[in-house]
Amino acid sequence: MMRLFTLASFVVAASAGLNAAGVARNVGDVKTIAIIGAGAAGSSTAYHLRKFAEQSGLQVNITIFEKTDHIGGRTLTVNAFDDPTQRVELGASIFIKDNHIMYNATQTFGLGLTELKEPGEAADYTAIWDGDTIVFRSEEGSPWWWDVAKLFFKYGLAPYRAVQLVKNAVGTFLQLYEEPYFPFRSLTQRAFELGLLRLTGLTGEQFLQEKGINADFVRDVMQPATRVNYASNMAYIHGLEAMVSFSTDGAMAVKGGNFQIFENFVQSSRAAFHPNTSVRSISFQKGSNKPGSIPKYVLAVEPCGSKGKGSSAQRVYDGVVIASPWQFSGIEAAGDVIKHRIESVPYTKLHVTLFTSPLRLQASYFGLEPGSRAPSNVYTTLGKDETARAGAEGVGRAGFYSISTLRTALNPSTQRKEFLYKIFSAEPVNSTFLSAVLGTTIQLPPPDDVDESPTEVKPISWYYPHWFYSYPIELPRVTFQDPIVGRGLYYTSGIESFISTMETSALMGMNVARLMADDFAGITRAGRGRSNQRPPTPREDFWDSMDDEMAASMAADEL
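Since we're looking at a predicted model, the values are computed, not measured. (Residues numbered from 1 in each chain as written. Predicted model: local features only at pLDDT ≥ 70, side-chain atom pairs only at ≥ 80, totals over all residues. Heavy atoms only, no water.)

A. Structural context of the pattern of salt bridges. Summed over all chains, the structure comprises 15 salt bridges. For arginine 270, the salt bridge goes to glutamate 54, with nearest N and O atoms at 3.2 Å. With a gap of 216 residues between them, arginine 270 in the loop between α10 (259-269) and β10 (272-274) and glutamate 54 in helix α1 (residues 40-56) connect regions that are remote in the sequence. The exposure class assigned to arginine 270 is exposed, which follows from its relative accessible area of 53%. When the shortest N-O distance is used, the salt bridge between glutamate 193 and arginine 190 registers 3.3 Å. A residue pair is termed a helical-turn pair when its members lie 3 or 4 positions apart in one helix, as glutamate 193 and arginine 190 do in helix α5 (residues 187-193) at three residues. Taken together, the shared-partner salt bridges in this structure form one network comprising Asp216, Arg219, Asp220 and Lys384. (Salt bridge = Lys/Arg side-chain N within 4 Å of Asp/Glu carboxyl O. Helix = DSSP H or I, 4+ residues; strand = E, 2+ residues; numbered from the N terminus. Buried < 20%, exposed > 50% of the residue type's maximum accessible area, 1.4 Å probe, protein only.)

Laid out in structure tokens, this is it:
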């Protein structure tokens, strides 16, 4: 599918931030910071806060609390056949070379990159299927221009015009990493200034229709991208995320797992890391929230699953970063701690099924003639006769979003290579579906017996189902959660309703780190509508201007 989506590279050219050395005040104080969550955003916050603090002459003591046993959040791997040399990405699988935070980290930490799949046979191909008919196919080993020629023959100038829209949207977004747009205290303001609300305020379908893009091309080729990346049809995802979905040129992954980027972030930050630890509540330290004073925060933390008395502990911090979706955190906030309400947004429940088998996909399942070669990868869309719907109901008659043949894996029992498959679906896969798609009888155990547990179901030699609340349902909107929710209290997950990727979460972590370092140092930076020729300067009350940045000039260019 990546080949079909080779349009424009996605995110981001990261700015390292301004060097504020010499203008910080109270640099002798050691600032204590708690970060709740060790995913892409939390680990990036810790890493960049350490860097920015050193640039500003600040002393920081960073602590990370993570309720699971791993770093990386939704970026994690599982071991095929319980073999650590055969790791498979279960969560976020790819990033782009132009995702500079991610890619630069691989260079900084010496992490090797890997091919996403083994070279296929000449007869292998990727298909887009509407549940009845294969509407487009890309042949393994054929020259790239052949696919382009087929696209232009079938859809006219729509592919070229769509590419230009994607490039314009992504190019505009890239400015969010540059002065005067970085750092940002209001994501809504920055999106307005950059003209991106014109995309987020419409569905992908509306935006592309407005731009005159062939509806068949949108349904047949662009919609499979929004389905495989965000489990959404074009009519139920905003235009910016739709453009991002169609920008996967140069996709790559870290050999052994993308989570290693975030592990290295945490290690380099020199943060104290506490896995399997929940933050139960956030409150003010007594007397610290009086008018004119700078508040300190008390976190009540406890081992996950702990129910015994006396198992929790209270710790005091100068700043707190909530780096996971608030609605899933289970944290209680004392009155007035959160000054700007954190919005609760609906998330998609995505089922991911990994399995190995010596069998190829069955050609007849996809409406092909007996004896035909089945596709190695299948991405789905809706048929012309189907009505788009939201959420799991929108999967259509295809019944799933994608089936990918990732590579081969060595079965330790037989010492033979088998195909390693990955399925994205709105519901758990069942025996009927797997039997049909592999062309043989398969009887899965009840879901309760296999959920989160690898098992063997002949002729499936290794089977691993999982599900995530993977990303927000990206419906059109023109306002977004801002990162500052209290004085010294920050939130990163608001960016996920804007664009939800590993890279953009890392971006918000970097942004929050810059804001926090500036706050501690008392630094004002030139922003949009202000001269940015001045160096950052200290001010007496940094917090007072945070709430009124929306009053800044908002001139925006047309996309």
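B. Local environment of the packing of helix α2 (residues 100-108) against α10. The geometry of α2 relative to α10 is characterised by a closest axis approach of 10 Å and an angle of 75° between their N-to-C directions. Looking at the two axes, α2 sits roughly perpendicular to α10. Together, Ile101, Met102, Ala105 and Thr106 of α2 and Ile261, Phe262 and Phe265 of α10 make up the contact between the two elements. Per-class residue counts for the contact of α2 with α10 are six nonpolar, one polar and no charged. (Axes fitted to C-alpha atoms, helices over the stretch in contact; angles between N-to-C directions. Parallel < 35°, antiparallel > 145°, perpendicular 65-115°, else oblique. Contact = heavy atoms within 4.5 Å. Nonpolar A, V, L, I, M, F, W, Y, C, P; charged D, E, K, R; others polar.)

C. Examining helix α3 (residues 144-155) more closely. Here α3 contains 12 residues, and its C-alpha end-to-end distance of 17 Å stays within 8% of the 16 Å for a straight helix at 1.5 Å per residue. Residues of α3 that are buried include every one of Asp147, Leu151 and Tyr155, and no others. End-on view of α3: buried residues confined to an arc of 40°, all on one side of the axis. Residues of α3 that are buried in the fold lie against β8 (134-139), α4 (158-174) and α8 (215-230). One or two steps after α3, the chain reaches glycine 156, where phi turns positive at roughly 65°. (Expected span 1.5 Å × (residues − 1). Arc of directions from axis to C-beta.)

D. Examining the sheet that holds strand β15 (residues 332-333) more closely. Spatial strand order, β13-β12-β11-β15: four strands in an open sheet with mixed pairing. Among the strands making up the open sheet, the edge pair consists of β13 (313-317) and β15. Alignment of strand β11 (residues 277-284) against strand β12 (residues 297-303), held across seven bridges, turns out to be antiparallel. What sits directly across from serine 283, in β12, is valine 298. (Pairing = 2+ DSSP bridges.)

E. Molecular detail of the side chain of glutamine 260. Position of glutamine 260 among the secondary structure elements: in helix α10. Among all residues touching glutamine 260, those that are not within four sequence positions of it are Leu111, Val254 and Lys255.

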